[in-house]
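Each chain, written out:
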Amino acid sequence: KYAILCMLWDGAFSYASKMSPTKDDVVMYQRFVTAAAYSHVELGLNVTPKVHLMWMHVVEQMMLSGGLFHKREDWLERLHQETSKMRDQLRRTKDMEVRCVSMARLHHQQTDPEVVSWVATVDADACRGPRKNYTKKEDERKKERETRRLAVVDEWEKVHPDKAYK
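Residues numbered from 1 in each chain as written. Predicted model: local features only at pLDDT ≥ 70, side-chain atom pairs only at ≥ 80, totals over all residues. Heavy atoms only, no water.

The next subject is the overall build of the protein chain. A count of helices and strands for the protein chain gives 8 helices and 0 strands. Starting at the N terminus and walking to the C terminus, you meet the elements of the protein chain as α-α-α-α-α-α-α-α. By residue count, 25% of the 166 residues in the protein chain fall in the buried class. The long-range fraction of contacts in the protein chain, counting pairs at least 24 apart against all pairs at least 6 apart in sequence, stands at 68%. For the protein chain, the accessible surface area stands at approximately 12,700 Å², while carbon and sulfur atoms represent 57% of it. (Helix = DSSP H or I, 4+ residues; strand = E, 2+ residues; numbered from the N terminus. Buried < 20%, exposed > 50% of the residue type's maximum accessible area, 1.4 Å probe, protein only. Contact = heavy atoms within 4.5 Å. Areas by Shrake-Rupley, 256 points an atom, 1.4 Å probe, with all protein chains shown as cover.)

Following this line, the structure appears as structure tokens:
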């Protein structure tokens with residue numbers, strides 16, 4: 001039951017995070033969030049502020065402002081991960097000033113648009129080109145995850161036709 005709940009929330013967050021969602025995306029979001037919220041309560045879990053916001057307020061934001069793509073906290077988590085990785089790389093540097101300067105240079109190197117563009121150009125020049133008839137594993141996983149999500153929401157709606165989003 002908890003695995004199903006997680007898949008339902010995953011589907012809801014996936015649609016809520018789309019940049020400039022279409023009307024179909026909003027409908028799919030409503031299907032997922034309705035199923036997730038009811039399942040959440042059926043399992044006896046507390047309705048947290050995040051659950052309330054997802055269920056009652058996100059649809060308006062999706063239609064008004066082009067989605068929640070830029071309003072999520074993922075960028076902050078990514079920043080924490082990147083900073084932690086840099087600290088780990090330089091943890092053996094004893095002189096704090098040298099460590100700070102090295103971290104600043106590494107950050108500049110990884111985020112400066114000119115440097116990033118140059119690295120991309122060099123990589124593109126060294127590349128032989130895309131392989132024919134090749135599907136990236138991430139694309140396959142994404143398709144499989146989407147199929148499983150849709151199967152879960154469809155099954156939930158069959159079991160709970162009175163609560164399903166119409």
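Take the pattern of salt bridges next. For the structure on display, the rule yields 9 salt bridges. For Arg31, the salt bridge identified is with Glu157, shortest N-O distance 2.7 Å. Of this pair, Arg31 sits in helix H2 (residues 23-42) while Glu157 sits in helix H8 (residues 137-159); the two residues are 126 residues apart in sequence, bridging distant segments of the chain. The buried category is assigned to Arg31, whose relative accessible area is 16%. Across the pair Lys163 and Glu42 runs a salt bridge whose closest N-O atoms are separated by 3.2 Å. Taken together, the positions of Lys163 in the segment after H8 and Glu42 in helix H2 put the pair 121 residues apart, joining distant regions of the chain. A relative accessible area of 29% means that Lys163 is categorised as partly exposed. (Salt bridge = Lys/Arg side-chain N within 4 Å of Asp/Glu carboxyl O.)

In helix packing, the relevant descriptors are the interaxial angle and the interaxial distance, both defined with respect to the helix axes. Packing of H2 against H8 brings their axes to within 10 Å, and their N-to-C directions diverge by 65 degrees. Of the two elements, H2 crosses H8, and the hand of that crossing is left-handed. Contacts between H2 and H8 pair Met28, Arg31, Phe32, Thr34, Ala35, Tyr38 and Ser39 from the former with Arg149, Leu150, Val153, Asp154, Trp156 and Glu157 from the latter. (Axes fitted to C-alpha atoms, helices over the stretch in contact; angles between N-to-C directions. Left-handed = near helix turned anticlockwise from the far one by under 90°.)

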